[in-house]
Amino acid sequence: MVFWLKRMFFWVVFRLDQMLPPSLGVLVRNRTWPWGRPVLDAVELHVTDHCNMNCTGCSHFSPFSPKWFADIPSTLRDLKALRARFRRIRHVNLLGGEPLLHPRCGELVAGVRSVCPDAVITVVTNGLALRPARDGTDGPSAVADAFLSACRENRARVKWTLYPPMRAFRRQVQEMFRKAGVSLRIEEGDEFWARLVPEGNVDVRKAFRFCRRMMYCPYLRDGRLYTCAQAYHLKDVAAKAGFTAPPAGGMDVYDDALTGREMLRRLMSPCAACAYCADSVRLMRWSRGGTNAAEWMRRDG
Ligand code: SF4
Ligand code: SF4
């Protein structure tokens, strides 16, 4: 019942959305300053591309991504180059894939803090690696322990997307974070959005506007800044769904001719990948094990 009410709610909101002017939130976030370097509100980095949850409908297409671990020195070099264009980067979000599959995730957290001393750093995890050790103690596993120490020492917070398989561990994990002194935010993961349109014939302005009203998620990867992670990772699902993804585009963060102001401007313009995202969504219940690309596609009903 709740699921269907939500589905109806989103249907109405998304249709209303197309009639409204751009949201104040987006305009405020992307305000530029009349002098000096501007502020970048947020940037996302993948720590890994692959994931141990494999949710059907994953917006970063992780179930289709080959195993990939971020190379720490080059990731930090890219972040430093990007940081140099801006007075400040407000939020750095480390995600994937599942960040805790990277054996040196804690090191990356520390590195990001050294490049962006004043940013809010958030690691987004599904928490599978945070399950208490199975040796009879309630303490965290060695992986979780090292990760928590790095978060505490570098003032990073954790957003735990709580999917059904982890719900039984909720209290134990909360207690683990409390003891470790690390800020934890829990977001229940009950639903996913299907938006993929493999024909690539969506009005890019509409699709982009729909997105930016809700999300501001520039993505840094291999020395380039993309409008979003989907623009880069569309190729992963395209190979499976039998279409050819457009070039991911992106901006070279080492290009001296590109100012922070110009980057902000381009981040507020649709990219070629937007033609593959519907300007509305099909809401579906969370499930695991997705590798059927058809489940990612927007269908009426
Ligand atoms: S937990 Fe699910 S949504 Fe998150 S990255 Fe993994 S597969 Fe994607
Ligand atoms: S490709 Fe465009 S429409 Fe799709 S998620 Fe990214 S910004 Fe949004």
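So, here's what we can say about the structure. Bear in mind the structure is a predicted one, so any value in this text is a computation, not a measurement.

Moving on: the pairing of strand β10 (residues 277-285). Within β10, 7 of the 9 residues are buried, leaving the element largely enclosed by the surrounding structure. As paired strands, strand β6 (residues 191-196) and β10 are joined by 5 bridges and run antiparallel to one another. Within β10, the residue paired with L196 across the bridge is C277.

Along the chain, R298 turns up in the segment after β10. Side chain to side chain, R298 and S280 meet in a polar contact 3.1 Å long.

Right, let's get into the environment of V173. Within the secondary structure layout, V173 lies in helix α6 (residues 170-180). Judged by relative accessible area, which is 0%, V173 ranks as buried. Filtering out sequence-adjacent residues up to four positions away, V173 remains in contact with L130, W160 and M166.

Quick look at α6 now. Considered for burial, the residues of α6 that qualify are V173, M176, F177 and A180. Across the axial projection of α6, the buried residues extend over an arc of 95°, all falling on one side. With respect to the buried face of α6, the exposed residues turned more than 90 degrees away are R171, R178 and K179. Taken together, the buried residues of α6 touch α5 (142-153), β4 (156-162) and β5 (184-188). Two residues or fewer past α6, G181 is found with a positive phi of approximately 75°.

Cut-off values and rules
- Along each chain, residues carry numbers from 1 onward, in the same order as the chain's sequence is written.
- Going through the entries in the order they are written, you letter the chains from A and number the ligands from 1.
- It should be noted that, the model being predicted, local features are given only for residues of pLDDT at least 70 and side-chain atom pairs only at 80 or more, the latter also being counted only at that level, while totals for whole chains, interfaces and linings use all residues.
- Side-chain figures throughout are based on the complete set of non-hydrogen atoms in the structure, without hydrogens or water.
- Per-residue accessibility, obtained with a 1.4 Å probe over protein chains only, is compared with the maximum for each type, and a residue is labelled buried under 20%, exposed over 50%, and partly exposed between these values.
- Put simply, DSSP marks the helices as runs of H or I at least four residues long and the strands as runs of E at least two long, and each gets a number from the N terminus on.
- Should DSSP find at least two bridges between two strands, the strands are taken to pair.
- Polar contact criterion, stated in full: a pair of N or O atoms within 3.5 Å, where within protein one must be able to donate a hydrogen and the other to accept it, and residues adjacent in sequence count only if both atoms are side-chain atoms.
- Contacts: residue pairs with any heavy atoms within 4.5 Å of one another.
- Our arc is simply the arc of the directions from the helix axis toward the C-beta atoms.

These figures capture arrangement, not role.
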